[in-house]
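Each chain, letter by letter, is given below.
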Amino acid sequence: MNKNVIFMMALGLLTMTGATAGATEQGDTLVFERVDRVRIETRDTLQRIVINGMKGEPDMRYEQSIAIPDSSAVRRKLRMEDFNKVRIQRSDGKPSKWSSSFHFNIGLGILTGAGDVDVMRGVGFEIGLAITADWNPFGKKNTWSLGLGYDYRMFKAPKNQYWAKDGGAMHFVQADPTWEDPDARFSVLSLQFPFYYTHTFDARGRWNVALGALFNFNFGRIHRSYDINYEHYDVDAAARGVRLFTVEGFAVVDVPYLPPLYVRYAPMSVFKDDKGPDMNMLTFGICF
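Note that the coordinates shown come from a computational prediction; the quantities given were computed from them, not determined experimentally.

**Some words on the pattern of salt bridges**
Counting across every chain of the model gives 8 salt bridges. Across the pair Glu126 and Arg264 runs a salt bridge whose closest N-O atoms are separated by 2.5 Å. Pair noted here: Glu126 is in strand 8 (residues 123-135) and Arg264 is in strand 16 (residues 261-265), with a separation of 138 residues, a long-range link. Comparing Glu126 with Arg264 shows no difference in burial state: the two are buried. By sharing partners, the salt bridges in this structure join Glu126, Asp151, Arg153, Glu248 and Arg264 into a single network.

Now the structure itself:
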């Protein structure tokens, strides 16, 4: 088995929070306080521990090799947040200013500014995935991120109404009274390029605020279903006139004991000019 990279990253994260420190001997136990860096390599039958620098002794180096009769004897415990950010190790052994993060968000949405089709001001659903490259040029408390993601937003229409194309534009109209159990939905699928700045306020990384923009390439869909004389009908089509490219502003607040909370708003309307109602999307929820 090659050196256990996951275990190294977990211990690296622990040391970056300043959770270790200084060097007294108590029987067979060594205690190090405020160390600069810990490196642990685990192979099939050998584990190597290297500690570099500590409070008051920046040039201190401690190294120990431990024989392992059974690789299963090494217990590894990782928290979920340890997987969220993976730091990249440089070939010269120094920590890199770059890392990568995986993101998942789920929330609710509202179509605002609907004007004469105010009935569309209902609550929708949002789910998204993204991966980002994170840069720390001025320390771990300041992070710039750029990434790639996918987002899906769906808004369900009020009962007995649906979207239809009328006069070259999309409009919200009344359903045929002969339809039974009508159901209509409007959805937007987006290829996203997030760009944002995150500031961390504490050494343990538990208080964070992120601000940035989402650059979206959008694809709209409409769907409606209904029954007539016990026969079921489904209609699914592209929503013509949806603005292909939009920019959204967003913010994320991360505090202890709560999942990170986000809000995002698109100042650009969902539809192109004269291609549908002048509406904007507002979404909010939790992210990981």
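Don't stop here, the text continues.
**Quick word on unusual backbone geometry**
In most cases, non-glycine residues show a negative phi, while peptide bonds are predominantly trans. Positive phi, normally seen in glycine, also occurs at Asn229, with a value near 50 degrees. For Asn229, the location among the structural elements is in the loop between strand 13 (208-228) and strand 14 (231-238). One non-glycine residue, Tyr257, adopts positive backbone phi at about 70 degrees. Mapping Tyr257 onto the fold places it in the loop between strand 15 (245-254) and strand 16.

**Regarding a positive patch on the surface**
Positive charge collects at one region of the surface, where Lys165, Arg240, Lys272 and Lys275 lie side by side. Relative to the helices and strands, Lys165 resides in strand 10 (residues 161-166). The exposure class assigned to Lys165 is exposed, which follows from its relative accessible area of 53%.

**Considering empty space enclosed by the protein**
One pass over the structure, following the stated rule, counts 2 cavities of 30 Å³ or more. Of the voids in this model, the largest cavity is the one considered here, and its volume is about 50 Å³. In terms of lining, the largest cavity is formed by Val188, Asn218, Val242, Arg243, Thr246, Ala266, Met268, Ser269, Val270 and Met281. For the lining of the largest cavity, the per-class residue count stands at 6 nonpolar, 3 polar and 1 charged. Taken together, Tyr162, Trp163, Ala184, Arg185, Ile222, His223, Arg224 and Val235 make up the lining of the second largest cavity. Grouping the amino acids of the lining of the second largest cavity by side-chain chemistry returns 5 nonpolar, 1 polar and 2 charged.

**Comments concerning the confidence of the model for the chain**
Of all residues in the chain, 73% have pLDDT values of 70 or greater, and the mean over the chain is 76. Scored below 50 in pLDDT, residues 1-27 shows 59 contacts in the model against residues more than four places distant or in partner chains.

**Re the side chain of Ser269**
Here Ser269 shows up in the loop between strand 16 and strand 17 (280-287). Residue classification places Ser269 among the buried positions, given a relative accessible area of 9%. A polar atom in the side chain of Ser269 sits 3.0 Å from the side chain of Arg243. Within the local environment of Ser269, its side chain forms a polar contact with the backbone oxygen of Phe271, the two atoms lying 2.7 Å apart. What Ser269 contacts, discounting residues up to four positions off in sequence, is Arg243, Thr246, Asp278, Met279 and Asn280.

**Some remarks on the pairing of strand 14**
Of the strand pairs in this sheet, strand 13 and strand 14 are connected by 8 bridges, and their pairing is antiparallel. Each bridged residue has a counterpart across the sheet, and for Tyr226 the counterpart in strand 14 is Tyr233. Where strand 13 hands over to strand 14, the hairpin turn is made up of 2 residues, of which Asn229 adopts a positive phi near 50 degrees.

**Re the pairing of strand 5 (residues 57-67)**
Walk down a regular strand and you will see the side chains alternate between the two sheet faces. As paired elements, strand 4 (residues 46-54) and strand 5 share 8 bridges and run antiparallel to each other. Pairing of Met54 across the sheet is with Glu57, part of strand 5. Here strand 4 hands over to strand 5 after 2 residues, with Gly56 in that stretch at a positive phi of 85 degrees.

**Examining the sheet that holds strand 5**
The antiparallel open sheet is built from 3 strands, whose spatial order is 3-4-5. Whereas interior strands pair on both sides, the edge strands pair on one side only; in this sheet they are strand 3 (37-42) and strand 5. Averaged over neighbouring strand pairs, the angle between their axes works out to 10 degrees when direction is ignored.

**Here's the deal with the packing of aromatic side chains**
In total, this model carries 8 aromatic pairs according to the counting rule given. Taken together, a centroid distance of 6.1 Å and an interplanar angle of 25 degrees make the contact between Trp144 and Phe195 stacked. Placement of Trp144 in strand 9 (residues 142-156) and of Phe195 in strand 12 (residues 180-200) is noted, with a sequence separation of 51 residues between them. Consider the rings of Tyr226 and Tyr233, whose centres lie 5.5 Å apart with planes at 15 degrees: the pair is stacked. Three or more aromatic residues link up through ring pairs in this structure, and these residues are Trp144, Phe195 and Tyr197. One residue, Arg206, lies across the ring of Tyr257, its end atom 5.2 Å from the ring centre.

**A closer look at the side chain of Arg153**
Within the element layout of this structure, Arg153 appears in strand 9. The exposure class assigned to Arg153 is buried, which follows from its relative accessible area of 1%. Separated by 3.3 Å, the side chains of Arg153 and Glu248 make a polar contact.

About the criteria used
- Each chain has its residues counted from 1, running along the sequence as written.
- Totals for whole chains, interfaces and linings use all residues, but because this is a predicted model, local features are given only for residues with pLDDT of at least 70 and pairs of side-chain atoms are given and counted only at 80 or more.
- Note that the side-chain values use all heavy atoms of the structure and ignore hydrogens as well as water.
- We define a salt bridge as a contact between a side-chain nitrogen of Lys or Arg and a carboxyl oxygen of Asp or Glu at a distance within 4 Å.
- Strands are runs of DSSP state E lasting at least two residues, helices are runs of H or I lasting at least four, and both sets are numbered from the N terminus onward.
- Partly exposed residues are those whose accessible area sits between 20% and 50% of the maximum for their type, while under 20% is buried and over 50% is exposed, using a 1.4 Å probe and protein chains only.
- Patch membership requires more than 30% relative accessible area and the absence of a salt bridge. Residues of like charge join within 9 Å; the nonpolar side chains Val, Leu, Ile, Met, Phe, Trp and Tyr join within 5 Å.
- The Shrake-Rupley method, run with a 1.4 Å probe, gives the accessible areas here. Residue values count only the displayed protein chains as cover.
- When charges are tallied, Lys and Arg are placed among the positive residues and Asp and Glu among the negative ones, while His and the ends of the chain are skipped.
- Here the site of a charge means atom NZ of a Lys, CZ of an Arg, CG of an Asp or CD of a Glu.
- Only protein atoms enter the 1 Å grid used here. Points where a 1.4 Å probe fits but cannot escape make up a cavity, open sets with protein on both sides within 12 Å along at least five of seven lines make up a pocket, and a residue lines them when an atom lies within 4 Å of a point.
- Grid points are joined across faces, edges and corners, and a volume is the space filled by probe spheres set on the points.
- Residues are grouped as follows: Ala, Val, Leu, Ile, Met, Phe, Trp, Tyr, Cys and Pro are nonpolar; Asp, Glu, Lys and Arg are charged; all remaining types, including Gly, are polar.
- You can read pLDDT as the predictor saying how much it trusts each residue, on a scale of 0 to 100.
- The contact criterion used is simple: two residues touch if any of their non-hydrogen atoms lie within 4.5 Å.
- Pairing of N or O atoms within 3.5 Å defines a polar contact, subject to two protein rules: one partner must be a possible hydrogen donor and the other a possible acceptor, and residues neighboring in sequence count only if both atoms are side-chain atoms.
- When DSSP finds two or more bridges between a pair of strands, those strands are recorded as paired.
- In this analysis, axes come from line fits to C-alpha atoms, helices being fitted only over the stretch in contact, and the angle between any two N-to-C directions falls in the range 0 to 180 degrees.
- Two rings from Phe, Tyr or Trp (for Trp, the six-membered ring) form a pair when their centres are within 6.5 Å of each other. A pair whose planes differ by under 30 degrees is stacked, one over 60 is edge-to-face, and the rest are tilted.
- Geometrically, a charge over a ring is one whose NZ (Lys) or CZ (Arg) sits within 6 Å of the ring centre while staying within 35 degrees of the ring normal.

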